Amino acid sequence: AQKVTQAQTEISVVEKEDVTLDCVYETRDTTYYLFWYKQPPSGELVFLIRRNSFDEQNEISGRYSWNFQKSTSSFNFTITASQVVDSAVYFCALKPWAGNMLTFGGGTRLMVKP
Amino acid sequence: ETGVTQTPRHLVMGMTNKKSLKCEQHLGHNAMYWYKQSAKKPLELMFVYNFKEQTENNSVPSRFSPECPNSSHLFLHLHTLQPEDSALYLCASSPGGVQSGGTQETQYFGPGTRLLVL
């Protein structure tokens, strides 16, 4: 069985602070995909990143960066110099190599205050 | 129009009503999905269609009936719902098809239909 845990249900920061959202997963598969999605108040899940389990290179995209550690089954997401527009619920998700089943974590609500 | 669209965006219905949710994707994808997002539960996958064929039914009650007439359209027909069915219903699509990894695997979501059952 697959499981994704986002232990932080809610985080509040002040604008320009850095913030890290944690994601820990469980799977028996040796190859799989990991994802992060952003859900603003409008409701739509916006795709942010996909990682393959065999590619452990960390990735940076503007103010966003992701740290994939296969040894600890973690895929953490850091926002540098947070902005009010970053306020949203962020979901981490896991998908096996074969099949369509995405398993989501419970989400982390990030509130960035001006 | 681009991406994944859903109509209506908001819906209020009584327990005896029959209504349908519509999803349309303009991405040329071959797989489509229905998810349910309740206030206090993680996102739950309901149904998966690949090339118009249902490939997953995640133990969803029969009062929810999906329909996929073609790879671009997906419906969720609702009848005799319960108040606990009130939730945000999200549609998604992915390229699907022959698995080659990478971009075939990413699901793109619509804005959702916020459903209230009275």
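The shown structure was predicted, so the numbers you read here are calculated from the model rather than taken from an experiment. (Residues numbered from 1 in each chain as written. Chains lettered and ligands numbered in written order. Predicted model: local features only at pLDDT ≥ 70, side-chain atom pairs only at ≥ 80, totals over all residues. Heavy atoms only, no water.)

Asks: What am I meant to see in the overall build of chain A here?
Replies: For chain A, the helix and strand inventory stands at zero helices and twelve strands. Start at the N end of chain A and walk to the C end: the helices and strands fall as β-β-β-β-β-β-β-β-β-β-β-β. Rg of the C-alpha trace for chain A: 14 Å, near the compact-globule value of 13 Å for 114 residues, within the 12% margin. By principal-axis analysis of the C-alpha atoms, chain A measures approximately 45 × 25 × 20 Å. Surface summary for chain A: the accessible area is close to 5500 Å², and the carbon and sulfur share equals 50%. Positive and negative charge centroids in chain A, built from 11 and 12 side chains respectively, lie 4 Å apart. (Helix = DSSP H or I, 4+ residues; strand = E, 2+ residues; numbered from the N terminus. Rg over C-alpha atoms; globule rule 2.2 N^0.38 Å. Areas by Shrake-Rupley, 256 points an atom, 1.4 Å probe, with all protein chains shown as cover. Lys, Arg positive; Asp, Glu negative; His and termini not counted. Charge placed at Lys NZ, Arg CZ, Asp CG, Glu CD.)

Asks: Mind showing me how you'd approach the overall build of chain B here?
Replies: Within chain B, the regular secondary structure consists of zero helices and eleven strands. Along its sequence from the N terminus, chain B presents helices and strands in the succession β-β-β-β-β-β-β-β-β-β-β. The C-alpha radius of gyration computed for chain B amounts to 14 Å, which stays within 12% of the reference 13 Å derived for 118 residues, consistent with globular compactness. For chain B, buried positions account for 49% of its 118 residues. A sequence separation of at least 24 residues applies to 55% of the contacts in chain B between residues at least 6 apart. (Buried < 20%, exposed > 50% of the residue type's maximum accessible area, 1.4 Å probe, protein only. Contact = heavy atoms within 4.5 Å.)

Asks: Teacher, can you tell me more about the confidence of the model for chain A here?
Replies: Caution is warranted with low-pLDDT regions, since their predicted coordinates should not be read in detail. Residues of chain A with pLDDT of at least 70 account for 100%, and the chain-wide mean is 93. No element of chain A has a lower mean pLDDT than strand 7 (residues 59-61) of chain A, at 87, and none a higher one than strand 3 (residues 19-21) of chain A, at 98. (pLDDT = per-residue confidence, 0-100.)

Asks: Could you clarify how one ought to interpret the environment of Lys113(A) in this entry?
Replies: Residue and element names in this part refer to chain A. The residue Lys-113 is located in strand 12 (residues 108-113) in this model. With a relative accessible area of 45%, Lys-113 lands in the partly exposed category. Along the primary structure Lys-113 and Ser-87 are separated by 26 residues, whereas in three dimensions their C-alpha atoms are 8.4 Å apart. What Lys-113 contacts, discounting residues up to four positions off in sequence, is Ser-12, Val-13, Val-14, Glu-15 and Val-84.

Asks: I keep staring at the packing of aromatic side chains and nothing clicks. Help me out?
Replies: Each aromatic ring pair is specified by the distance between its two centres and by the angle formed by the two planes. If you walk through the whole model with that rule in mind, you get 23 aromatic pairs over all chains. A ring pair is formed by Tyr37(A) and Phe104(A), whose centres lie 5.9 Å apart and whose planes are at 50°; its orientation type is tilted. Note that Tyr37(A) is positioned in strand 5 (residues 32-39) and Phe104(A) in strand 11 (residues 103-104), a separation of 67 residues in sequence. With a relative accessible area of 0%, Tyr37(A) lands in the buried category. Chaining the aromatic ring pairs together yields one cluster made of Tyr33(A), Phe35(A), Tyr37(A), Phe47(A), Phe54(A), Phe91(A), Trp97(A), Phe104(A), Tyr33(B), Tyr35(B), Tyr108(B) and Phe109(B). (Phe/Tyr/Trp six-rings, centres within 6.5 Å; stacked < 30°, edge-to-face > 60°.)

Asks: How should the pattern of salt bridges be read in this particular structure?
Replies: With the rule as written, the count across this model stands at four salt bridges over all chains. Between Arg51(A) and Asp55(A) there is a salt bridge whose closest N-O contact spans 3.4 Å. Judged by relative accessible area, Arg51(A) falls into the buried class, the value being 6%. Residue classification places Asp55(A) among the partly exposed positions, given a relative accessible area of 27%. Note that Asp85(B) and Arg63(B) form a salt bridge whose closest N and O atoms lie 2.7 Å from each other. Of this pair, Asp85(B) sits in the loop between strand 8 (73-79) and strand 9 (87-94) while Arg63(B) sits in the loop between strand 6 (53-57) and strand 7 (64-70), placing them 22 residues apart in sequence. Its relative accessible area of 2% is what places Asp85(B) among the buried residues. The structure contains a network of salt bridges with shared partners spanning Arg51(A), Asp55(A) and Glu59(A). (Salt bridge = Lys/Arg side-chain N within 4 Å of Asp/Glu carboxyl O.)

Asks: Help me understand a nonpolar patch on the surface in this model?
Replies: All names here are of chain B. Together, Val-12, Leu-116 and Leu-118 give the surface a local cluster of nonpolar side chains, amounting to about 290 Å² of exposed area. Relative to the assigned elements, Val-12 resides in strand 2 (residues 10-13). Owing to a relative accessible area of 52%, Val-12 belongs among the exposed residues under this scheme. (Patch = residues over 30% accessible without salt bridge, like charges linked within 9 Å, V, L, I, M, F, W, Y side chains within 5 Å.)

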